[in-house]
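Coordinates in review
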Amino acid sequence: MDLNELAHLLTRIESEAAGAVSEARTADALRAAESKITKGPLAEAMKSIKSFAAEERGQAGQNINKTKQLIAEKFAAAMDALRAAGVASERKSASDFDPTLPPARTLRGGLHPVTIVQREVERIFSSLGFAVVGGPEMETEFYNFEALNIPAMHPARDAQDTFWLTNGWLLRTHTSPCQVRAMLRYGPPIRVIAPGRCFRYEAIDASHENTFYQLEGLLIDKDISIAHLIAFMKLLLREVFHRDVKVRLRPGFFPFVEPGFELDMSCAICDGKGCPTCKRSGWVEILPCGMVHPNVLRHGKIDPHEYTGFAFGLGLTRLAMMKYGVGDIRILNSGDLRGIVQPERLGGAKV
Ligand code: FA5
């Protein structure tokens, strides 16, 4: 090779470097392109020095080094320009941040509406001297039915079909089994409430679920009458709704009370006009109650000639629906936030 040919080669290498610089979009791409040129054609040019005549070698070396330096400067300048562009774009996105904007809206968790109503009823009855007790969700046939004056083959069992376990127990259909459990455990006089989850093999609709909450109440003492029962029920609804609620009392049959009543409240979803929640009747069954049947007292080892009492089975889930205007019971067992965000946020809106 002579100096003339070398000059052509170096010009070609320089223009190859210029093309690579203009194509590279990232620092990594720039570094890769520079290494490819220095280790490739430039290194080859260095090796070719051996083939020059002795008097031209010095000049050839100088020319190659000049090109080497030129290419290194080109890549360094391109790297600086890339860095400057990155900083500028970071600055721009930082200037898009507006610290005066309100934060993204987040939903705060809270207690379930049924839990809130349950606690409210517990507070009311605690202040009246009632103890809050519990009972098992898996119950025996004895406490769920027999002790409540509902023997096998009694037609009342049809109204409360349930899920039976392989050991002969069942998922309780109501909180009433807590009655005889409390009688046997505490003896008279008794003032207890027992909130809890119940299960039924149920045709589901806007007001019926297979899993729902009730709150049992039981008061046993001497000379307790229906007047006491009605006074307590009215007080309960007034305290929960913070106003007088329109109610109706009608005879109701439950084998474990005599006499028995159904206490219904005017439907809060339609203001008593009739809707799917109240099955178009304008009334919602919420608080069945009655005077404890003597047979039940006997099962609880209490003498019915000495003591009388009343019991009620408040539909807690339905009470929550009425209080917060939730028109479909299924919303309360679902993950639908319209039904389970803080009830204050529902603002009385009908869901
Ligand atoms: C009973 O369960 C009786 N143990 C109540 C009772 C207790 C009567 C003490 C007398 C003395 P009932 O089946 O009507 O009764 O249910 C009571 C309340 O639970 C109903 O008024 C209703 O508010 C609620 N309830 C009943 N079934 C369901 C259901 N499938 N889904 C949601 N709530 C229900």
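Residues numbered from 1 in each chain as written. Predicted model: local features only at pLDDT ≥ 70, side-chain atom pairs only at ≥ 80, totals over all residues.

In this section: the overall build of the protein. Across its full length, the protein holds 12 helices and 9 strands. Relative to its length of 351 residues, the protein is extended, with a C-alpha radius of gyration of 42 Å against a globular reference of 20 Å. Taken along its principal axes, the extent of the C-alpha atoms in the protein is 135 × 50 × 35 Å. Per-residue burial over the protein gives 34% buried out of 351 residues. (Helix = DSSP H or I, 4+ residues; strand = E, 2+ residues; numbered from the N terminus. Rg over C-alpha atoms; globule rule 2.2 N^0.38 Å. Buried ≥ 20, exposed ≤ 12 C-beta atoms within 10 Å, placed from the backbone.)

This part takes up the packing of helix 4 (residues 113-127) against helix 9 (residues 316-324). Running from amino to carboxyl end, helix 4 crosses helix 9 at an angle of 100°, the nearest separation of the two axes being 9 Å. Accordingly, the angle class assigned to the pair helix 4 and helix 9 is roughly perpendicular. Across the interface between the two elements, P113, V114, V117 and Q118 of helix 4 pack against L316, T317, L319, A320, K323 and Y324 of helix 9. (Axes fitted to C-alpha atoms, helices over the stretch in contact; angles between N-to-C directions. Parallel < 35°, antiparallel > 145°, perpendicular 65-115°, else oblique. Contact = placed C-beta atoms within 7 Å.)

Turning next to the domain arrangement of the protein. For the protein, the assigned domains read domain 1 (3-96) and domain 2 (113-346). On a C-alpha basis, the centres of domain 1 and domain 2 stand 87 Å from each other. (Domains from an automatic or database assignment.)

The next point concerns the pairing of strand 9 (residues 308-315). Buried residues dominate strand 9, accounting for 8 of its 8 residues. Taking every second residue as pointing to the same face, both faces of strand 9 are buried, with T308, F310, F312 and L314 on one and G309, A311, G313 and G315 on the other. Judged from the 8 bridges that link them, strand 5 (residues 211-221) and strand 9 form a sheet pairing that is antiparallel. When the sheet's bridge partners are listed, L218 is paired in strand 9 with A311. With 3 bridges connecting them, strand 8 (residues 283-292) and strand 9 associate as antiparallel partners. Paired with G290 across the bridge in strand 9 is A311. (Pairing = 2+ DSSP bridges.)

This brings us to the site of the ligand. The local shell around the ligand holds 23 residues, among which H174, F212, P288, G313 and G315 are the closest. Where the shell around the ligand is concerned, the elements lending two or more residues are strand 5, strand 7 (257-266), strand 8, strand 9 and helix 9. Broken down by element, the shell around the ligand gets its largest block of residues, 5 residues, from strand 8. Looking at the shell around the ligand, its residues break down into 9 nonpolar, 9 polar and 5 charged. (Near = placed C-beta within 6 Å. Nonpolar A, V, L, I, M, F, W, Y, C, P; charged D, E, K, R; others polar.)

Taken over all residues, the pLDDT of the protein has a mean of 89, while the share at 70 or more is 96%. Taken as a whole, residues 345-351 scores under 50 in pLDDT and shows 14 contacts with residues more than four places along the chain or in a different chain. (pLDDT = per-residue confidence, 0-100.)

Our next topic: the nonpolar core. Grouped together as the largest cluster of nonpolar side chains are 64 residues, with contacts concentrated most on M233, C289, L314, L316 and A320. Once you skip the residues sitting within four places of it in the chain, C289 turns out to touch L229, M233, F261, L263, F310, A311 and F312. (Core = buried A, V, L, I, M, F, W, Y, C linked by C-beta atoms within 7 Å.)

So, about the sheet that holds strand 9. Across the sheet, which stays open at both edges, the 7 strands sit in the order 1-4-5-9-8-7-6 with mixed pairing between neighbours. Looking at strand neighbours, the two that pair on one side only are strand 1 (131-132) and strand 6 (247-251), the edges of this open sheet. In the sheet, strand 6 pairs with strand 7 via 5 bridges, with the strands oriented antiparallel. Note that in strand 7 the partner of P251 across the bridge is F261. In the packing of helix 4 onto the sheet, contacts are made with strand 1, strand 4 (190-199), strand 5 and strand 9, and the angle to strand 5 comes to roughly 5°.

A word on the packing of helix 2 (residues 27-47) against helix 3 (residues 54-96). Relative orientation of the contacting elements helix 2 and helix 3 amounts to 175°, with a least axis distance of 11 Å. Of the possible angle classes, the one that applies to helix 2 and helix 3 is roughly antiparallel. Of the residues in helix 3, those touching helix 2 at A27, L30, E34, I37, L42, A45 and M46 are I64, K68, I71, F75, A78, M79 and L82. A per-class count over the contact of helix 2 with helix 3 returns 12 nonpolar, no polar and 2 charged.

Its 21 residues give helix 2 an end-to-end C-alpha distance of 29 Å, which sits within 8% of 30 Å, the value for a rise of 1.5 Å per residue. The largest bend in helix 2 comes to about 30°, at T38, with the proline P41 one to four residues further on. Where helix 2 is buried, its residues contact helix 1 (3-23) and helix 3. (Expected span 1.5 Å × (residues − 1). Bend = angle between axes of the 7 residues up to and from the residue.)

Moving on: helix 3. Given 3.6 residues per turn, any residue in an α-helix points the same way as the ones three and four places further on. Taking 1.5 Å of rise per residue, 43 residues should cover 63 Å, and helix 3 covers 65 Å from first to last C-alpha, within 8% of that figure. Every buried residue belonging to helix 3 is among A60, T67, I71, F75 and A78, and all of these are buried. Of the surrounding secondary structure, the elements contacted by the buried residues of helix 3 are helix 1 and helix 2.

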